[in-house]
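Survey of secondary and tertiary structure
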Amino acid sequence: MGAVKICDAMEVGVGERENSSLEGIRWSSLKVDHSLPLDVMTPHIIELCKDLFKKWSNLDDSRFTVERVSVTEENGNVMCVTVRLYGPNTEDVIDREREFQAIKYLSAAGFGAKLLGVFGNGMVQSFIHARTLTASDMRKPKIAAEIAKQLRKFHQVEILGSKLPQLWNDIFKFFETASALEFDESEKQKKYESILFQEVRKELDELKDLTDPLNAPVVFSHNDLLSGNLMLNDDEEMLYFIDFEYGSYGYRGYDIGNHFNEYAGYECDYSLNPTREEQYHFFRHYLQPEKPDEVPESELEELYVETSTFKLASHLYWALWALIQAKMSPIDFDYLGYFFLRYNEYKREKDVCFSLARAYLEKSGSG
């Protein structure tokens, strides 16, 4: 059975019906107001499901349940779906067309929920019978090994279209938007004005210049592999990656480094960062899933340096993302405070990671 899921993503306009990425997908022009309480939202969800799934159009509303979205069909079968509603004003942080394009190929490769239909401000997907992981789950050796194996497979999926890495394009786009905001609330504006954007831009340029010579492999990356986007069916021991809205071609080390940053959990307790030993455990199962103990030390070191350096890019990415959300998102969350959490952690880790990368590049003759 599936729950209504409200996502912080962009609206999808009516014109996107003709996008090639939606070919063969059910489509509805209806929209559902994500701000409504569930009891008021329920009839709108039912109406939407009937519009998308024509075989349900004549069923009585009593056959539907929406707290967990399921419908009892005329033959007695119960079908469960997940309804995702996009939050408003997030076009600066989500490329919905890119997600739709990726979902087709990722679904065919066995990743995530199947896309069943698209409507005016959301999508309907198959429901995954599994629990969401916690941050502490991710560091358990058995689960970490499985995440690593699945991530290797994920990175091998070929997505149609440009395979140029998008990380720095996205970060610099975020920077342009984030550095030109204005807040109505004086307290927020004062806090915002304390940010030294010239310094942030310098850090971005310096980090990009450092990562370029690493020649990190370019793969299709999830880019948001936090615990909330990992699900596990304990009985079947099946692990699922979900929510590909930030997915794009990018750098292997960024995707892994971003995942490691998420060991800190929603509280951003970076004392929980994975140790070198824990990272090497992950690397071994990522690099050689069938023979993890046979990975050469040189490959472990290479990936460790790559991941450590791109972890810094992850902090800057989500710091700038948070500033945009502070202005645009209706969600009651201290996004401005989150910017400082991520940016300060970047500065705390910078010297060690920069020294590590420079020493490696000098030793390998790439610096």
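Residues numbered from 1 in each chain as written. Predicted model: local features only at pLDDT ≥ 70, side-chain atom pairs only at ≥ 80, totals over all residues. Heavy atoms only, no water.

So, about the environment of alanine 322. Along the polypeptide, alanine 322 turns up in helix H10 (residues 297-328). Expressed as a C-alpha distance, the spacing of alanine 322 and phenylalanine 174, which sit 148 residues apart in the sequence, is 9.6 Å. Look past the residues within four positions of alanine 322 in its chain and what remains in contact with it is Tyr335, Tyr338 and Phe339. (Helix = DSSP H or I, 4+ residues; strand = E, 2+ residues; numbered from the N terminus. Contact = heavy atoms within 4.5 Å.)

Let's shift gears to the pattern of salt bridges. A complete count under the given rule lists 23 salt bridges for this structure. For the salt bridge of lysine 142 with glutamate 237, the shortest nitrogen-to-oxygen distance reads 3.1 Å. Of the two residues, lysine 142 is situated in helix H4 (residues 141-155) and glutamate 237 in the loop between strand E11 (230-233) and strand E12 (238-241); the sequence distance between them amounts to 95 residues. What makes lysine 142 exposed here is its relative accessible area of 62%. The salt bridge involving lysine 363 is made with glutamate 301; its shortest N-O contact spans 2.8 Å. Taken as a pair, lysine 363 in helix H11 (residues 335-364) and glutamate 301 in helix H10 lie far apart in primary sequence, 62 residues in all. Look at lysine 363 and you get exposed, because its relative accessible area is 59%. Through salt bridges with shared partners, one network takes in Arg84, Glu99, Asp243 and Glu245. (Salt bridge = Lys/Arg side-chain N within 4 Å of Asp/Glu carboxyl O. Buried < 20%, exposed > 50% of the residue type's maximum accessible area, 1.4 Å probe, protein only.)

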